[in-house]
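In case you want the letters, here they are:
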Amino acid sequence: MYTSLDLIRKDLLNGSISCKQLVEDYLDNIYKYQYLNAITEVYAEEAVARARSIDARLNQNKAGKLAGMVITIKDVFCYKDHVLQCSGEILGDFESQFNATVIDRLIAEDAIIIGRTNCDEFAMGSSNENSAFGPVKNGLDSDRVPGGSSGGAAVSVQMNMCLVALGSDTGGSVRQPAAFCGILGLKPTYSRISRHGLVAYASSFDCVGIFSKEIDSLSTVLEAIAGTDDFDSTVSKREVPAYTIKSANGVKYKLAYIKETLESEGISSDVKTNFKTQIEILKKEGHIVEEVDFPFLEYVLPTYYILTWAEASSNLSRYDGVRYGYRSKMTTDVHSLYKKSRTEGFGEEVKRRIMLGTFVLSANYYDAYYTKAQKVRSLIRKETKRILNKYDFILTPTTPSTAFKIGNTSDPLEMYLADLYTVQASVAGLPAISLPCGYCSKNMPIGLQVMANDFKEANLLEFSSYFLNLDK
Ligand code: GLN
């Protein structure tokens, strides 16, 4: 299977493959790995039909930049006339009436969307076990989770069911599954990519993220979908630079790693040892790698969860069984219609978060939790940026452990710890990427997270490309 769009384009141009053939190859893999439960709905017929028309355009030299790129989309993006469920039951068989901006932009450049991927319900989770469609399995060991919430997206790339996958990352949902599956996962700066048509979980954190196996395809997609959008007033008006990779050879970087990440209780010894090895490698290559203090690490996770619960409880109030989606059959009056439809329609984790969010926003506790967390958030952003004003990047392990066994974590608090290192970039709104950097003793992949300053995606991708090509 192809690993990069460049190789695909070469073969498309010399005629050794067609888009139609390419789509059929991906479909073969989708069916072969159906047992991993990564894809909720396969758009087989329409993908083949689109491939045919793109082949025709290629012949006339009129094809877009993403011709030859086959993509999956997480079940949280509106795709006109396609079912959207957020891996839950409350949306019923709802069909989107318009395209998310990112979908429009992919289609405009001739990408082919081949399926909708499984995820944690409403993107809430770290293992992809909170899905109404059942858990997704990691392609490297089907007893283990792929991470979450974009677990299906990660596995679709991992097992070559597509070239690139679109996910969403609110607190780590692209970076953490990328690490667990041994692929790349990028969360850009908050506001870099339009969220019009992305189902909201926690609006001040939600980002569109990208999975792939190599940096060029990821950069090409980022370039195609980033930038201002009349339908999303929160998106940055900053110009989108060329993300295509310049060579970082000869560049000497100044890198920081946070002392407290290595001292945190939850980190596994394999991850810690691997991280130290990466640091040594980078030092040997002549980069400055220094330890810095970030005493706020222990506040990052509580801040993230308090704020995202609050925002989720507000965002999810729209699912009430009145205009669309699931409606309970047991209703007697309007009050019971709301109550029963929501009780029956939402899964456990989503309900837990709606209740916690309602609590932290309630009149008596608002200042103690919500207002306080907002203040701590500013502090975390300020302190993280203070480090990034002195260093090019901050390095951390992406996750404290590698992929765990399915069904092993019944304690929600323990699950929240899987996000220990990814949430800092989310709370601070900064871009971060997870890069594969080795395996643990159980042969599961380990990820290195690289965090950069606002809108420094181009530098982040340049460093990533350099790091991945290092002779390690
Ligand atoms: N695992 C985190 C959560 O459950 C992150 C989810 C996400 O990024 N969508 O909130």
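Residues numbered from 1 in each chain as written. Predicted model: local features only at pLDDT ≥ 70, side-chain atom pairs only at ≥ 80, totals over all residues. Heavy atoms only, no water.

(A) Seen up close, the site of the ligand. Near the ligand you find 15 residues, and of these Thr170, Gly171, Ser173, Tyr201 and Tyr304 are the closest. In this structure, Ser126 approaches the ligand through a side-chain N or O atom, which is 2.8 Å from a nitrogen atom. A distance of 2.7 Å separates an oxygen atom of the ligand from a polar backbone atom of Thr170. When isolated, the ligand has an accessible area of 290 Å², and the protein chains bury 100% of it. In terms of residue class, the shell around the ligand is made up of 5 nonpolar, 7 polar and 3 charged. (Near = heavy atom within 4 Å. Polar contact = N/O pair within 3.5 Å; in protein donor to acceptor, adjacent residues only side chain to side chain. Areas by Shrake-Rupley, 256 points an atom, 1.4 Å probe, with all protein chains shown as cover. Nonpolar A, V, L, I, M, F, W, Y, C, P; charged D, E, K, R; others polar.)

(B) Summary view of the pairing of strand β9 (residues 393-397). Counting buried positions over the 5 residues of β9 gives 5, a clear majority of the element. Alternating residues of β9 divide into Phe393, Leu395 and Pro397 and Ile394 and Thr396, and every residue in both groups is buried. Both strand β7 (residues 254-258) and β9 contribute to a ladder of 3 bridges, which runs parallel. Looking at the pairing, Ala256 lines up with Ile394 of β9. (Buried < 20%, exposed > 50% of the residue type's maximum accessible area, 1.4 Å probe, protein only. Helix = DSSP H or I, 4+ residues; strand = E, 2+ residues; numbered from the N terminus. Pairing = 2+ DSSP bridges.)

(C) The environment of Gly286, seen in detail. Mapped onto the elements, Gly286 comes out in the loop between α9 (269-284) and β8 (288-292). Note: C-alpha distance between Gly286 and Val251 (35 residues apart in sequence) is 9.4 Å.

(D) Region of interest: the packing of aromatic side chains. Within this structure, the stated rule accounts for 25 aromatic pairs. Taking 4.7 Å as the distance between ring centres and 85° as the angle between the ring planes, the aromatic pair formed by Tyr304 and Tyr305 counts as edge-to-face. As far as burial versus exposure is concerned, Tyr304 and Tyr305 are alike and both buried. On the numbers, 5.1 Å between centres and 50° between planes, the contact of Tyr366 with Tyr370 is tilted. (Phe/Tyr/Trp six-rings, centres within 6.5 Å; stacked < 30°, edge-to-face > 60°.)

(E) Quick look at the nonpolar core. With 155 residues, the main nonpolar core has Phe77, Phe122, Leu166 and Phe463 as its most contacted residues. Counting residues per element, this core draws most heavily on helix α10 (residues 297-315), at 10 residues. (Core = buried A, V, L, I, M, F, W, Y, C linked by side-chain atoms within 4.5 Å.)

(F) A nonpolar patch on the surface, seen in detail. A grouping of Val322, Val334 and Tyr338 is seen on the molecular surface, where their side chains present a nonpolar patch of about 250 Å² in accessible area. By secondary structure assignment, the location of Val334 is in helix α11 (residues 334-345). Residue Val334 is classed as exposed on the basis of its relative accessible area, which comes to 55%. (Patch = residues over 30% accessible without salt bridge, like charges linked within 9 Å, V, L, I, M, F, W, Y side chains within 5 Å. Salt bridge = Lys/Arg side-chain N within 4 Å of Asp/Glu carboxyl O.)

(G) Just helix α3 (residues 44-59), in detail. Spanning 16 residues, α3 covers 23 Å between terminal C-alpha atoms, matching the ideal 22 Å at 1.5 Å per step. Among the residues of α3, Ala44, Ala47, Val48, Ala51, Ile54, Asp55 and Leu58 are the ones counted as buried. Down the axis of α3, the buried side of the element spans an arc of 125°, and every buried residue falls inside it. On its buried face, α3 sits against α1 (5-14), α2 (19-32), β1 (39-42) and β3 (112-117). Note on α3: the residue one or two positions beyond its end, Asn61, has a positive phi of about 60°. (Expected span 1.5 Å × (residues − 1). Arc of directions from axis to C-beta. Contact = heavy atoms within 4.5 Å.)

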